Amino acid sequence: MTAAVGAPEPPIVARVRAAEERSRTTFRLKVAATWIGLIGLILAGLWITGNIDAAFIGEWGPFIVGGAGLTIMISVVSIVVATLLALIGAFGRLSRNPYLNGLASLYVSLARGTPLIVQILFVYLALPQVGIVLPAIPAGLIALSFNYGAYMTEIFRAGIQAVPPGQREAAEALGMPERLVMRRIVLPQAIRIVIPAIGNEFVAMIKDSSLVSILAVEELLFRARLVGQQNFRSLEALVIAAAIYWILTILFSHFQQRLERWMARGDR
Amino acid sequence: MTAGGEVIVRVEAIEKYFGDHHVLRGIDLEVRQREAVMVVGRSGSGKTTLLRCINFLEEPTAGSVEIDGLRLEADPLQARSRRHQEQIRQMRLRAGMLFQEFNLFPHMTALGNCMEAPMRVLGQARASALDRADYFLEVVGLVDKRDQYPSRLSGGQKQRVAIARALCMEPKVLLFDEPTSALDPELIGEVLQVMEDLAHGGTTMIVVTHEMHFAREAADRVIFMEDGMIIEQGPPEQILDAPREESTRRFLRRFLDT
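Residues numbered from 1 in each chain as written. Chains lettered and ligands numbered in written order. Predicted model: local features only at pLDDT ≥ 70, side-chain atom pairs only at ≥ 80, totals over all residues. Heavy atoms only, no water.

Points about the overall build of chain A
Right, so step 1: A count of helices and strands for chain A gives 10 helices and zero strands.
Right, so step 2: Put simply, chain A runs from its N terminus to its C terminus through helices and strands in the order α-α-α-α-α-α-α-α-α-α.
Right, so step 3: Here the C-alpha radius of gyration of chain A, 25 Å, is well above what a compact globule of 268 residues would show, namely 18 Å.
Right, so step 4: Across its three principal axes, chain A shows a C-alpha extent of roughly 80 × 60 × 25 Å.
Right, so step 5: For chain A, with 268 residues in total, the buried portion stands at 37%.
Right, so step 6: Partitioning the contacts of chain A with sequence separation of at least 6, the portion at a separation of at least 24 is 78%.
Right, so step 7: Distance between charge centres in chain A, computed from 23 positive and 16 negative side chains, equals 6 Å. (Helix = DSSP H or I, 4+ residues; strand = E, 2+ residues; numbered from the N terminus. Rg over C-alpha atoms; globule rule 2.2 N^0.38 Å. Buried < 20%, exposed > 50% of the residue type's maximum accessible area, 1.4 Å probe, protein only. Contact = heavy atoms within 4.5 Å. Lys, Arg positive; Asp, Glu negative; His and termini not counted. Charge placed at Lys NZ, Arg CZ, Asp CG, Glu CD.)

Next comes the structure, spelled out in structure tokens:
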């Protein structure tokens, strides 16, 4: 039984639509309520059992939060440098030149095969022995970029390889030289493919930037540990630091979603 | 579709191996200016490989290809050398290629697809590249879609834009690799119509196709391939209606049955 074209919509259709909309909204509200309830419960539990010192939070909270600026700076600079390293690394991994290929694959293997914290300590504590003395912040930036560059090299390599081979063939068949094919046809499509993965790396970077606190860089975690231990108020201090990391990653993930939606506009 | 012009494509003694697999066995082929040549045969007969060898998307194992006076010898051992790659590039400027999967650039509009190579390879100014892109999009009947991205086009429209993109390079010959095989049946007609108009308008073309009807309408010459060899060739009415070779007959019988 099909309705004639242009026939008025039977009332049940609108009612089903409204009911679906209602149940979607209630579902979302209940999820949000669960979050708020659980977070409230955890905070209340800590408040009751942990002997929370509100005066400490009032006095030192802003100081800890003030470390977020350096955390963000370190994360942004490191992800930008890592992205550039990764682009070069990916060309190396895909190179037909065995030396470049060897160099790139050694880099990836070494950087991914050793702990990030070892790399951070190495740049800061070991390099001075061979005459390279770096202040703590540059040392941290270098180690984070080096490490993330290797992971992101593999992301870029996979992204470039994920562009359908027909794209390259079509461009070559038009007489485009190899470099032009890469720059104008393959890379723009590869970058679109890897944007979500780069976003995930950035979220991970925000969290891993806390590792440079062992070099006494005064970012978020270092400040929290400093005032927490001095005042025997580590619970308060670390909860504040954790909350800031969490908020930063949520904010960025939100921004990332909007970016992806914008990139996907109109096509594919 | 007069076919009395000079030879524009000359394929000589092409051999192609994929590993141990002998895919093309001594192919010789001459195509004259304004001639439309259709290559038919079972899948696996080597017709697509032959087309891809003509513009060196596959490096032949042996033999040579000449397009519009530029002759290139297969050189599988030095295939990646800069000199050979540059010669291949020069060949490709003389031969436009159309693919089964269209391969439009998804991040560029129809117009962008048509202007990219003329501007960046031929060094045309934007204004003249734009004029020509418009002209050839008009030829394929899609000038009203010039600002659309490929994702907003139907399969048939994509292939027509791809044809315009190839024409913008003003090649000496168009190579079509099963241009309608990936299309829904109702979209095949519009692409074949554009191709037929081009053939009748004197565009030199080599078409690998399964569309026998189209071959009959648009071909000056039909080539039947089997096992990597050209078995038989001639005007469409001869090859399609009165083939001399038993294997051609067997192939056509299967087509007419279905």
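Examining the environment of A90 of chain A
Residue and element names in this part refer to chain A.
Right, so step 1: When you line up the elements, A90 lands in helix α3 (residues 68–93).
Right, so step 2: By relative accessible area, which is 0% here, A90 ends up buried.
Right, so step 3: In sequence terms A90 and N231 are 141 residues apart; their C-alpha atoms lie 48 Å from each other.
Right, so step 4: Dropping the residues within four chain positions of it, A90 is found in contact with T153, F156, R157 and I160.

Concerning unusual backbone geometry
Right, so step 1: With a phi close to 55 degrees, A13 of chain B is a non-glycine residue in the positive phi region.
Right, so step 2: Tracing the chain through its elements places A13 of chain B in strand β1 (residues 7–18).

Some thoughts on the sheet that holds strand β5 (residues 70–73) of chain B
All names here are of chain B.
Right, so step 1: The four strands are arranged β2-β1-β4-β5 in an open sheet whose pairing can be described as antiparallel. With one partner strand each, in any of the chains shown, β2 (21–32) and β5 form the two edges of the open sheet. Each strand of the sheet is rotated relative to its neighbour by a mean of 15 degrees, with strand direction disregarded.
Right, so step 2: Bridge analysis of β1 against β2 gives nine bridges, and the strand direction is antiparallel. (Pairing = 2+ DSSP bridges. Axes fitted to C-alpha atoms, helices over the stretch in contact; angles between N-to-C directions.)

Some thoughts on helix α4 (residues 98–113) of chain A
Residue and element names in this part refer to chain A.
Right, so step 1: The end-to-end C-alpha distance of α4, which contains 16 residues, comes to 21 Å, matching closely the 22 Å that a straight helix rising 1.5 Å per residue would cover.
Right, so step 2: In this structure, the buried residues of α4 make contact with α3, α5 (116–126) and α6 (136–162).
Right, so step 3: A distance of 2.8 Å separates the backbone nitrogen of Y99 from a side-chain oxygen at the start of α4, and that oxygen is part of N97. (Expected span 1.5 Å × (residues − 1). Polar contact = N/O pair within 3.5 Å; in protein donor to acceptor, adjacent residues only side chain to side chain.)

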